[in-house]
Amino acid sequence: MTDALVTLPMMHHLLWLIPCAPLLGALLIIALDGLPTRAYGVIANLAVLVSALCVALLWLSGSWDMPVQTAYEWMHIDNWQLDVGFRVDRFTLVMASVSAWVGLLIHLFSTQYMRHDFGERRYFAYLNLFVGGMLLFITADNLILLYAGWEIMGLCSYALVSHYYTKDENVYAGRKAFVTTRIGDTALAIGIFLCFMQFQSLNLESIFQAAPQAPTGMIAAICILFMLGAFAKSAQFPLHVWLPDAMAGPSTVSALIHAATMITAGVYLIARTHVLFDLVPDVRWWVALVGAFTALYASVSAIGQNDIKRILAYSTISQIGYMFAALGVGGYSLALFHLAVHACFKALMFMSSGVIIEIYHHDHDIRNMGGLHKQQKFLSFAYLAGSLALAALPLVTASFYSKDAIIAATYTADHGAFLAGLGLLGALLTGVYSMRMYFMVFTGKARSEIHDYRMTWAMKLPLGILALGSICLGFIQLPDSWSFGPHLLLPWLEPVLTSVALPEGHAGEMLELLGAAAAVIGILIAWPLTKAEVRSGRGVGNIGFLNKALYIDDLAKVLVIRPFLALCAVLGSVIDGLLLNGVLVAGVRRLMLNAAEVVSRGQGALVSRYVLLMVLGLMLIIGYLTVQL
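In this report, we go over the structure that sits alongside the text. (Residues numbered from 1 in each chain as written. Predicted model: local features only at pLDDT ≥ 70, side-chain atom pairs only at ≥ 80, totals over all residues. Heavy atoms only, no water.)

## A short note on unusual backbone geometry
Omega for the bond connecting Phe237 with Pro238 falls within 30 degrees of zero, at 0°, which places this linkage in the cis form. As for its placement among the helices and strands, Pro238 is situated in the loop between helix H10 (216–233) and helix H11 (242–245). Unusually for a residue other than glycine, His362 sits at a positive phi of about 65°. Since its relative accessible area comes to 53%, His362 is described here as exposed. In this structure, Ala392 takes a positive phi of about 60° despite not being glycine. Checked against the element boundaries, Ala392 lands in the loop between helix H18 (377–391) and helix H19 (398–410). (Helix = DSSP H or I, 4+ residues; strand = E, 2+ residues; numbered from the N terminus. Buried < 20%, exposed > 50% of the residue type's maximum accessible area, 1.4 Å probe, protein only.)

## Quick look at the side chain of Ser315
By the secondary structure assignment, Ser315 is in helix H16 (residues 308–328). Ser315 sits in the buried class, given a relative accessible area of 0%. Filtering out sequence-adjacent residues up to four positions away, Ser315 remains in contact with Lys346, Leu390 and Tyr433. (Contact = heavy atoms within 4.5 Å.)

## So, the packing of aromatic side chains
Centre distance and the angle of the planes are the two values used to describe a pair of aromatic rings. As enumerated under the stated definition, the model contains 23 aromatic pairs in all. Ring geometry for Tyr158 against Phe178: centres 5.6 Å apart, planes inclined by 55°, an arrangement best described as tilted. Here Tyr158 is found in helix H7 (residues 143–161), whereas its partner Phe178 is found in helix H8 (residues 168–199), with 20 residues between them in sequence. For Phe178, a relative accessible area of 28% puts it in the partly exposed group. Ring-pair connections join several aromatic residues into one group, and the members of that group are Tyr383, Tyr438, Phe439, Phe442 and Trp527. (Phe/Tyr/Trp six-rings, centres within 6.5 Å; stacked < 30°, edge-to-face > 60°.)

Here it is, written out as structure tokens:
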């Protein structure tokens, strides 16, 4: 029945709609002036719905190993050609499903959440453009098209983080995000240049086929540059400093950035180019080290935060760190598994946090909240599902099956005990901060006035779906060591993403127990910790070095920003002040004045001088003619 309705050739010709529908939606919102504000939200939702339905049709038709669809020839220079082409394989299909469907739920939620808000039309235009950029990045079959999607996301992050641009701090946050990620953008661009220099092609498949014959040093250089690009885009240490401040935008923007688009782009980049990274395992190991360290560092930082959105921001940095740890040990399918699970509970928690902030009169401080469960039971249960998924409650939540597998996988790598230890400590602290946040907001007595807020079906439906995904998505892939239950995702991804061998025997069992224990102990610690904090009015959020995230951002300002500004001031004085203004501009001015003075002396308004000049000129002409003859 399905094959009769949706054929493979039909889907092959519809691939371009996946990225282009949201891009066209953004253009329509910009071009169609004078419509009711609500109409722009409808256009945005319909555009993303088209992409989501196309992705669903790929699943229904079994079209997950399709040839490249060439939309048109983009460039043709001598023997070199670059096409606008789109490709979907099993890996791409999972990633596109996350971005399109989670993006659609965020769009639907936004129609109510952003109604009558500041800049609603502009918001939906950039939101469509953001999803379109991510889907273009995912489906691109060459590095130039991939980079175009990458840059579109950078533009949209700047615009949406600075959405409330009437406040200077919001503009600063957007600029900080844009400038920091520019480091990664530059590294990726140089890596693409090296790819073209080495392979004379920008087509991904052509590069992958030729890579084994390329010099190891060149492959290592390309992978290091791609790695730096991924670290900046996905906010990994030490290029993570932009993300906590990026909470200045609407909560739905945070949900889209953290769950479905930009933050996951770095993970996708390394997984997509894993053929190159597999050739230089020493470089790849550094991906694992940075990821595991970031997972622990961000967990420590999250414990000391009081702003509900900053807690979630550091939790994203930490969870993405686990994904990079998996990438670094060759567990690409495990990274993708956790990425999909993380998208569900992180979008759920950010959108729920937006409602919570509205309820408490735009107060972000969890110390001023409390007692919300009695008035917002649906919101409370949805947030509990997200918090438990973030904490990776054993057996119950999806994150237990995805994150614990990553910790086990890191144990098999070089210095695996060290990497797994970092992951386990991060898991323990994750249980603490995730449940501290829930307990501070929903339990106990209200510590400030609770505003009456009614959520419509357009808000409850996305939260309900994401809560269900946060709990149930993990059941599609139970641990390999378990003889029962489904093992669907990782074997299905095997043709395109290699899996990593997990520890067996006592080591594997011990890691499973330690991972489960870390999550449970963290959750149990959170309850008395929260009670003591509420009772005394002081807690981990009052510890300076935790609240300041170990002063890494302040250190960056001292070691990087201030020296850079000082260098700019010196260069401004030397180049602008001395060379340009002093030598070039002033020198040209003096030269013109002197020339004008010399010329003016010959224009004295004396007839005798004019006659003398005429005679001299005539004599010169006669002399010249005499010499020539």
